[in-house]
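Descriptive structure summary
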Amino acid sequence: ISSAWAFASRFEDCPEVDFYNRELVSLQDGLLGQHLDFDYGDEIILARHGRVEGRSLQVASHGSYEIVVVPPSFTWAAETVALLETFLAAGGRVIFVGQRPTAVNGETQDGRWAPLLGHVNARQVPNEPAAVAEALNGMGARDVSITGADGREIEPILCHHRRSGDKNIYFFCN
């Protein structure tokens, strides 16, 4: 959202806002179609409640993540970038999808992003479902696969997986 706010104007149409919206929706739809479960991260919540424990990003008591997917973006809050730096240094994994961020708090800082983008635990992929799925599969992120006879994921079937205690709960729909 901060990338959209960096360009938004209430006085004129903003193609950058439309671009980031289309790219985020494309990433979301690709993850859903490839049966890769995800949660959205909010920079304000991450700044207040995010911390790194071991190789995981913890968000309050609600989530533990070993992989972070960074959507196409221009800018991120300094607190979030610092959290990503700590996460990568601790062994966490990050996938940058599509346009890579170049700014921190709305100011271009390529030097701040270069070490993250080049980190051994980071991958950069185009915003294409197959490329994102391949990167996540390579990191062991796949939990469910729903394939046809050709071995490709059947995109119209959607899946949602949650854990409740020691139980796995799956919801499938098409």
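Overview of the structure. (Residues numbered from 1 in each chain as written. Predicted model: local features only at pLDDT ≥ 70, side-chain atom pairs only at ≥ 80, totals over all residues. Heavy atoms only, no water.)

1. As for the sheet that holds strand E8 (residues 107-108)
The sheet built from three strands is open, its strands ordered E5-E7-E8 with mixed pairing. Since the sheet does not close on itself, it has two edges, and those belong to strand E5 (75-76) and E8, each with one partner. Alignment of strand E7 (residues 103-104) against E8, held across two bridges, turns out to be antiparallel. Bridged to Val104 within E8 is Glu107. (Pairing = 2+ DSSP bridges. Helix = DSSP H or I, 4+ residues; strand = E, 2+ residues; numbered from the N terminus.)

2. As for empty space enclosed by the protein
Gaps between atoms show up when a probe of the same size as a water molecule is rolled over them. For the structure on display, the rule yields three cavities of 30 Å³ or more. By volume, the largest cavity amounts to about 50 Å³. Around the largest cavity, the lining residues are Ser26, Leu27, Gly30, Leu31, Gln34, Leu36, Asn127, Glu128, Pro129, Val132 and Ala133. If you tally residues by element for the lining of the largest cavity, the top one is helix H2 (residues 15-33), at four residues. Of the residues that constitute the lining of the largest cavity, the class distribution is six nonpolar, four polar and one charged. Counted as a void, the second largest cavity has a volume near 40 Å³. (1 Å grid on protein atoms, 1.4 Å probe; cavity = no way out; pocket = protein on both sides within 12 Å on 5 of 7 lines; lining within 4 Å. Points joined across faces, edges and corners; volume = space filled by probe spheres on them. Nonpolar A, V, L, I, M, F, W, Y, C, P; charged D, E, K, R; others polar.)

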